[in-house]
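Structural features, examined
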Amino acid sequence: MAKKQFMNRLREQNSRSAPETINKVIETKSPNEDVRDSAAHQIMTDIARPELEAEGQIIRVPINEVYAEIQVRPEDDFDDSIIEGMANTFDTVGILTPPRCYPKDRNGYRIWMGETRWRTAKKHGDSFIDIYVGSPPKNEKLRIIGQLIENLQQSGLKPLATAIAFNELKTIHAMTGEEIAKTVGKPTSFVSKHLKLINAPESVIALLKDKVTLDVDLAYTLTQINEINSEIAEKLVTKARNDGVTRSEAKDELSKIKNVGKDKVSHAKSLNKINPDRKSTLNVNSNQTGAWYVQVEFDNKVGIIVTDKKPDGDGVVWVKYENRIDSIGVDKLKVKGLVQIQ
């Protein structure tokens, strides 16, 4: 009897509280505008703001909707054997890092970085490709820098293409050699050697274009030799095509040429001591009136500090060498002495 009475009372209590409980649940799930928490509403509004969304995302798209243009790597720099080898690995691991693309435009998804991976996927016969669509570079300077960093640090870039990109950053975007080096994570000498190729003779450029050599140090040394003795440089270029020339052979030849020049200077100094009134054709320690400059050495080059041009900033000076002027860090310079220039 007691049990029966308890159950009756329990049913009666539940029947009274159920509507109230259900109403509270409904109110919580779908609150009226006047009882909605204003702070929570503001949080939801903030989350929905487009500028607070993720910067980009990986999506899968038809491969023919992806295209490339204006890359630091020119068309003839894409090595078919490398692309073929990468295509063979796709069966095992696929693309490890998706190409990075601009947001979609009327032509599709333009590649910013990763053209080799896209070409490899096409070679592999893929109909679709995963790409990362993110914020595009703010300007052409950042486009070049991004492509340079990826190519130089990951898959490499041919010397001429690297030289052209470095030169564009320097001449169009007013970056110094040091700034370029720091930006792409390479030594200053690496940048200066590539920039030197811009003024290389056609015969040396042809060696690089024809892939007789891809050694930037060799091309750099041949260019230096050409500035001193073009005849010797042309002989070395011919030898490079026919038999091959090593970097050390070219450097030995450059050293010989420089030593010959030093011997002439020493001879001129001796003549000046014997006959002080003699005017040296080399203008070395002559009695003519001329300005004195601080001579410095850096990266196997010799130049003079320019004092009539304001430095780019602290810790750098302008140095004139090999018919050019560059901003160089003082920590890179070794003072050799004073020279008199007429």
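Look up a bit, the structure's there.
Let me sum up the structure you'll find in this document. (Residues numbered from 1 in each chain as written. Predicted model: local features only at pLDDT ≥ 70, side-chain atom pairs only at ≥ 80, totals over all residues. Heavy atoms only, no water.)

The number of helices and strands found in the chain is 12 helices and 10 strands. Taking all 342 residues of the chain together, 35% fall into the buried category. Within the chain, contacts between residues at least 6 apart in sequence are counted, and of these 67% link residues at least 24 apart. Carbon and sulfur atoms make up 51% of the accessible area of the chain, which amounts to about 21,600 Å² in all. (Helix = DSSP H or I, 4+ residues; strand = E, 2+ residues; numbered from the N terminus. Buried < 20%, exposed > 50% of the residue type's maximum accessible area, 1.4 Å probe, protein only. Contact = heavy atoms within 4.5 Å. Areas by Shrake-Rupley, 256 points an atom, 1.4 Å probe, with all protein chains shown as cover.)

Now for a nonpolar patch on the surface. On the surface, a cluster of nonpolar side chains totalling about 410 Å² of accessible area is made up of Trp-292, Val-294, Val-335 and Leu-338. Listing elements by their share of the nonpolar patch, those giving two or more residues are β6 (291–298) and β10 (334–341). Take Trp-292: it is sitting in strand β6. (Patch = residues over 30% accessible without salt bridge, like charges linked within 9 Å, V, L, I, M, F, W, Y side chains within 5 Å. Salt bridge = Lys/Arg side-chain N within 4 Å of Asp/Glu carboxyl O.)

Another aspect to go through is the nonpolar core. Grouped together as the largest cluster of nonpolar side chains are 21 residues, with contacts concentrated most on Leu-197, Val-204, Leu-222 and Ile-225. Looking at this core, the elements with two or more residues in it are α6 (159–171), α9 (202–209), α10 (216–228), α11 (230–242) and α12 (247–274). Top element by residues in this core is α10. It accounts for five residues. (Core = buried A, V, L, I, M, F, W, Y, C linked by side-chain atoms within 4.5 Å.)

In total, this model carries 16 salt bridges according to the counting rule given. Here Arg-247 ties to Asp-217 by a salt bridge, and the two come within 3.6 Å at their closest N and O atoms. Remark: Asp-217 occurs in helix α10 and Arg-247 occurs in helix α12; sequence separation between them is 30 residues. Judged by relative accessible area, which is 14%, Asp-217 ranks as buried. One salt bridge connects Asp-326 with Arg-324, and the closest N-O pair in it is separated by 3.6 Å. Here Asp-326 and Arg-324 have matching classes, each one buried. In this structure, a network of salt bridges that share partners links the residues Lys-193, Asp-215, Asp-217 and Arg-247.

Across all of its chains, the model carries two aromatic pairs by this definition. Ring centres of Phe-166 and Phe-190 lie 6.2 Å apart, and the angle between their planes is 75°; on these two criteria the pair is classed as edge-to-face. In this pair, Phe-166 is assigned in helix α6 and Phe-190 in helix α8 (residues 188–196), connecting sequence segments 24 residues apart. Ring centres 5.1 Å apart and planes at 90° place the aromatic pair Phe-298 and Tyr-321 in the edge-to-face group. With a gap of 23 residues between them, Phe-298 in strand β6 and Tyr-321 in strand β8 (residues 316–321) connect regions that are remote in the sequence. Of the residues examined, Tyr-321 reaches a relative accessible area of 3% and is grouped as buried. Against the face of Tyr-102 rests Arg-110, its NZ or CZ located 4.5 Å from the ring centre. (Phe/Tyr/Trp six-rings, centres within 6.5 Å; stacked < 30°, edge-to-face > 60°. Lys NZ or Arg CZ within 6 Å of the ring centre and 35° of its normal.)

Below, the discussion takes up the pairing of strand β5 (residues 128–133). Successive side chains on a regular strand alternate, one facing one side of the sheet and the next facing the other. Burial along β5 is one-sided: Ile-129, Ile-131 and Val-133 are buried, and none of Phe-128, Asp-130 and Tyr-132, which face the opposite way, are. Looking at chain direction, strand β1 (residues 57–62) and β5 are connected through six bridges and run antiparallel. Paired with Ile-58 across the bridge in β5 is Tyr-132. Judged from the two bridges that link them, strand β3 (residues 100–101) and β5 form a sheet pairing that is parallel. Note that in β5 the partner of Cys-101 across the bridge is Val-133. (Pairing = 2+ DSSP bridges.)

Before going further, it helps to spend a moment on empty space enclosed by the protein. Using a probe with the size of a water molecule, rolled over the atoms, empty space left in the structure can be pinpointed. Scanning the entire structure with this criterion turns up one cavity of 30 Å³ or more. Considering only enclosed or pocket space, the largest cavity measures out at about 70 Å³ in volume. As for the largest cavity, its lining consists of Gly-177, Glu-178, Thr-188, Ser-192, Leu-195, Phe-298, Asp-299, Tyr-321, Asp-326, Ser-327 and Ile-328. Taken together, the residues that form the lining of the largest cavity break down as four nonpolar, four polar and three charged. (1 Å grid on protein atoms, 1.4 Å probe; cavity = no way out; pocket = protein on both sides within 12 Å on 5 of 7 lines; lining within 4 Å. Points joined across faces, edges and corners; volume = space filled by probe spheres on them. Nonpolar A, V, L, I, M, F, W, Y, C, P; charged D, E, K, R; others polar.)

One open sheet holds the five strands; their spatial order is β1-β5-β3-β4-β2, and the pairing between them is mixed. At either margin of the open sheet sits one strand with a lone partner, and together these are β1 and β2 (66–67). Against the sheet, helix α4 (residues 115–124) contacts β2, β4 (109–113) and β5, and its axis sits at roughly 125° relative to β4. (Axes fitted to C-alpha atoms, helices over the stretch in contact; angles between N-to-C directions.)

A positive phi is found at Ala-174, a non-glycine position, where the angle reads about 55°. For Ala-174, the location among the structural elements is in the loop between α6 and α7 (177–184). Non-glycine residue Lys-211 carries a positive phi angle of around 60°. Secondary-structure assignment places Lys-211 in the loop between α9 and α10.

Moving on: the packing of α9 against α11. Where α9 contacts α11, the axes come no closer than 10 Å and their chain directions differ by 20°. Viewed along their axes, α9 and α11 adopt a mutual orientation that is roughly parallel. When the axes of α9 and α11 are compared, the crossing they make is left-handed. Contact with α9, carried on its side by Ser-203, Val-204, Ala-206 and Leu-207, involves Glu-234, Val-237, Ala-240 and Arg-241 of α11 and no other residues of that element. Looking at the contact of α9 with α11 residue by residue, the class counts come to five nonpolar, one polar and two charged. (Parallel < 35°, antiparallel > 145°, perpendicular 65-115°, else oblique. Left-handed = near helix turned anticlockwise from the far one by under 90°.)

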